[in-house]
Every structure is written in C-alpha cells, then in structure tokens.
Amino acid sequence: MLPQLVQGPISRFDELSQSLFEEHKAEFKNISFGLQRILWGFFKKLVVAGRLSEVVGTLTAGWQENPYSGGWIVLSVALCSLNLYMDFSGCMDIVLGAAETLGICLPENFDHPYRSKSIPEFWRRWHITLGAWLRDYVMYSFITSKPAKLLNKKMKDRIGRKGASVFVTCIGVLLVWIVYGLWHGLEMKYLISGLYYAFIIIVATVLEVPIKRFDNKFPKLVGSKAYGIFCAARTYFLAMIGAFFFFMPTIKEGMAYLGNIFKKPAIGLVSIPKTGIEKVTDIKLLGVDLLDFAVILLGVILWIVLATLHKKKDVRERLSGMNIVLRWAIILVIIMVVIIVGNYGGNFEAGSFIYQGF
C-alpha cells in the first residue's frame, strides 16, 4: 500500500524553520485564537462534512442500480465538491489552529476558493501550498531548464515570441497537472483529473489576449454583480466535476453514473422509487433525517455568513471586540453544537479525513 500523502500545509524549510525553532512565549491571544480556529475546524468536519458524506455516499452507492433520478444525481455531484472542501479545510483549520496556540505561524492552505471567477484563480485559492510547491519545483524548473529554452527558441521562429512563450508555458502547465494527478495516487482517475484541469487552464492561457480584449470592451458588464455571480457559478460547476471523480472508483464508473442523468431525466427531484418507504419525498432517502438536513443547511449558511464577514475583518478579531458575556456565549454554543450535533458513531469515523487517502 502506498503511504498516505501529507494533507498540508506544505511549507518550505527556509520559510518555516525560524518560526519552528525560535523561542515562543505563551500568549493569551495566540491560545484563544488558535482554540477558536480548532473549534471552527471541528464544526466544519464533524457537523457539516460528516453529514454531507452520508448524503453523497447514499446518492452514489450502488451506481449500477442507482434508483435516483437525474435531479438527485446532479445534487450529489454538486455536493461532492462542497463535502471535500468542508472536510479538507476543516482539517487545515485544526492544524493551523493547533500551531497558532504554540505561536507557530503556518501558511494558509485555502483562501475562500468559491469566490473565484475562473479555474486558474480557483487553484490559486485551493490547496495553496501544494500549488506553490508545484509552481516552484515543476513549473519554474521546467521553464528555466535548457530543453525548455531551446524549445522556446525553436518555436519563436515559427509562431513568434509571444506564441512560443505561451506554447512553453502550456507544456509546463501540462507537466504540473500530471504531477498533481500522480500526487493523489497512481490511478487513472487522478491522472485524468489532472489532465482535465490542465485542459481548462491551457485554454484560458491560450485565450488570455481575447479575454482581456473582451474585458476592456465591456467593462460595465465585467464589473457587474450578475456577471461576477455567473463566473463564480461557472467555476463551481467546473470544479465540482473535477471533485466528483475523486469519489468514484474509476473514471468509467463515474461516467456511467453521470449517464444516469440522461437515462432517468425525471422532472424535479422527487421521482424516486418507493423502495419500501411510504413517501417518495421522504428526506431519509438522502441517508439523513430531517434534523440532519437542517443541520447541513444551517451549517452551510453559517459558513457563508462568516466567510462574508471575514472578507472585511477577521471574525476572531470581531469576536474579541464583543462584550465578554456575548463572546463566551457564542463560543459555548458552538462547543455544545460540536459535542451534541457532531456526527459521531455508526459507520462514521470521526478521525478520518477524505484527503488523507490521496
């Protein structure tokens, strides 16, 4: 069995060594802020991601005889990406929070990726430290290598300076995403996933000039909220397709599962065989009960609200400025929610993280 890969954050020794080896004094702010971040990580992991895993697992189980109609399959694909984010970013919150309590500053691994307007931007915000590692040790190493320089010189005579630069950059992008796929595992689905993102980013690189012309020609449209929402939705759609195949055994099975959208294109989301359940609209068909579904919904809403507030000012800074009674009331409520509502027991393994298997 291959060893499980590091989830991150992935830090260069010269960037982290000083923080690791210098003397640290116990500071109340570091301990307080670190524990708050750990708490938020457990909330995302145990309260939200655990239940999302149940829903995704239920919808994708037994795909050959999957009883769900197209709408439910689309929902499962959409939730795969959100499930992976809540699980992975929750892990990073716990890791970074633990380091912060000790006075150690680790680099951020996520920067609100679902605000991204394009896939290249998405990957600058998702698993940031892995992206930096690939950029420094794969992309730059290739571009500055002798073969790349010779290729650039050869192509310059054929397609011009700009074209040659784009051509070499696209090869570097391809290499980056091949390594990305192999990083996650020696399986075809991971390699195809890497090539999928490579294709999107290469297309964006080739069309960079026309895209800039479009932006300059229609500044009002590009700067509008509606266009921003469209771009974010488009990016989420492309990202959720990439994330979906991580949850399927093989690419072939994933494609067959998606094919059920067209084989069972029932109108709405309620055309599900009763399968022994009295009501076809019973929420338990998702693998969770009504309370679990409400917890997921409220958890996602809370995440969106806090992410919006954090955009202007660190939520923990906001919390520290509140009245001490209100501050501790909020913290205690979240602690109780994690303890009482956290998804423990049964087939759920609280200590496992999705990304630790990649």
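Note that the structure is a prediction, hence the values are computed from the model and not measured.

Examining the overall build of the chain
Counting its regular elements, the chain contains 14 helices and zero strands. Contacts in the chain between residues far apart in sequence, at least 24 positions, make up 75% of those at least 6 positions apart. For the chain, the accessible area works out to roughly 20300 Å², and carbon and sulfur atoms hold 67% of it.

Here we look at the pattern of salt bridges
Two side chains of opposite charge can pair, provided their charged atoms sit close to one another. Here the structure, examined in full by the defined rule, presents 14 salt bridges. In this structure, Glu 317 and Lys 29 form a salt bridge, with 3.1 Å as the shortest nitrogen-oxygen distance. Separated by 288 residues along the polypeptide, Glu 317 in helix H13 (residues 315-320) and Lys 29 in helix H2 (residues 28-60) bring together distant segments of the chain. Accessibility expressed as a relative area gives 29% for Glu 317, which makes it partly exposed. For Lys 29, a relative accessible area of 45% corresponds to the partly exposed category. In this structure, the salt-bridge partner of Glu 100 is Arg 316, at a minimum N-O distance of 2.8 Å. With Glu 100 in helix H3 (residues 70-101) and Arg 316 in helix H13, the pair connects residues that are 216 residues apart, well separated along the chain. Each member of the pair, Glu 100 as well as Arg 316, is classed as buried.

Details of the packing of aromatic side chains
Taken as a whole and judged by the stated rule, the model has 30 aromatic pairs. Aromatic side chains Tyr 114 and Trp 126 sit 6.3 Å apart centroid to centroid with 70 degrees between the ring planes, which places their arrangement in the edge-to-face category. With Tyr 114 in the loop between H3 and helix H4 (119-125) and Trp 126 in the loop between H4 and helix H5 (128-143), this residue pair connects regions lying 12 residues apart in the sequence. The class for Tyr 114 is buried, based on a relative accessible area of 19%. For the pair Trp 123 and Trp 126, a centre-to-centre distance of 6.4 Å together with 65 degrees between the ring planes defines the contact as edge-to-face. Take Trp 123 and Trp 126: they sit in the same class, and that class is buried.

Looking at the nonpolar core
Counting 65 residues, the largest nonpolar core has Met 86, Trp 123, Trp 126, Trp 177, Tyr 180, Phe 244 and Trp 303 as its most contacted members. Setting aside chain neighbours within four positions, we find Tyr 180 in contact with Trp 123, Leu 130, Leu 134, Ser 193, Gly 194, Tyr 197 and Phe 246. Formed by five residues, the second largest nonpolar core is a distinct cluster that contains Leu 16, Leu 96, Ala 99 and Ile 104.

Digging into the environment of Lys 25
Along the chain, Lys 25 falls in the loop between helix H1 (13-21) and H2. Judged by relative accessible area, which is 66%, Lys 25 ranks as exposed. Residues Lys 25 and Gly 103, 78 residues apart in the sequence, show an inter-C-alpha distance of 7.4 Å.

As for the environment of Leu 39
In this structure, Leu 39 sits in helix H2. With a relative accessible area of 16%, Leu 39 lands in the buried category. Distance from Leu 39 to Ile 334, taken between C-alpha atoms, is 7.7 Å for residues 295 residues apart in sequence.

Cut-off values and rules
Residues numbered from 1 in each chain as written. Predicted model: local features only at pLDDT ≥ 70, side-chain atom pairs only at ≥ 80, totals over all residues. Heavy atoms only, no water. Helix = DSSP H or I, 4+ residues; strand = E, 2+ residues; numbered from the N terminus. Contact = heavy atoms within 4.5 Å. Areas by Shrake-Rupley, 256 points an atom, 1.4 Å probe, with all protein chains shown as cover. Salt bridge = Lys/Arg side-chain N within 4 Å of Asp/Glu carboxyl O. Buried < 20%, exposed > 50% of the residue type's maximum accessible area, 1.4 Å probe, protein only. Phe/Tyr/Trp six-rings, centres within 6.5 Å; stacked < 30°, edge-to-face > 60°. Core = buried A, V, L, I, M, F, W, Y, C linked by side-chain atoms within 4.5 Å.

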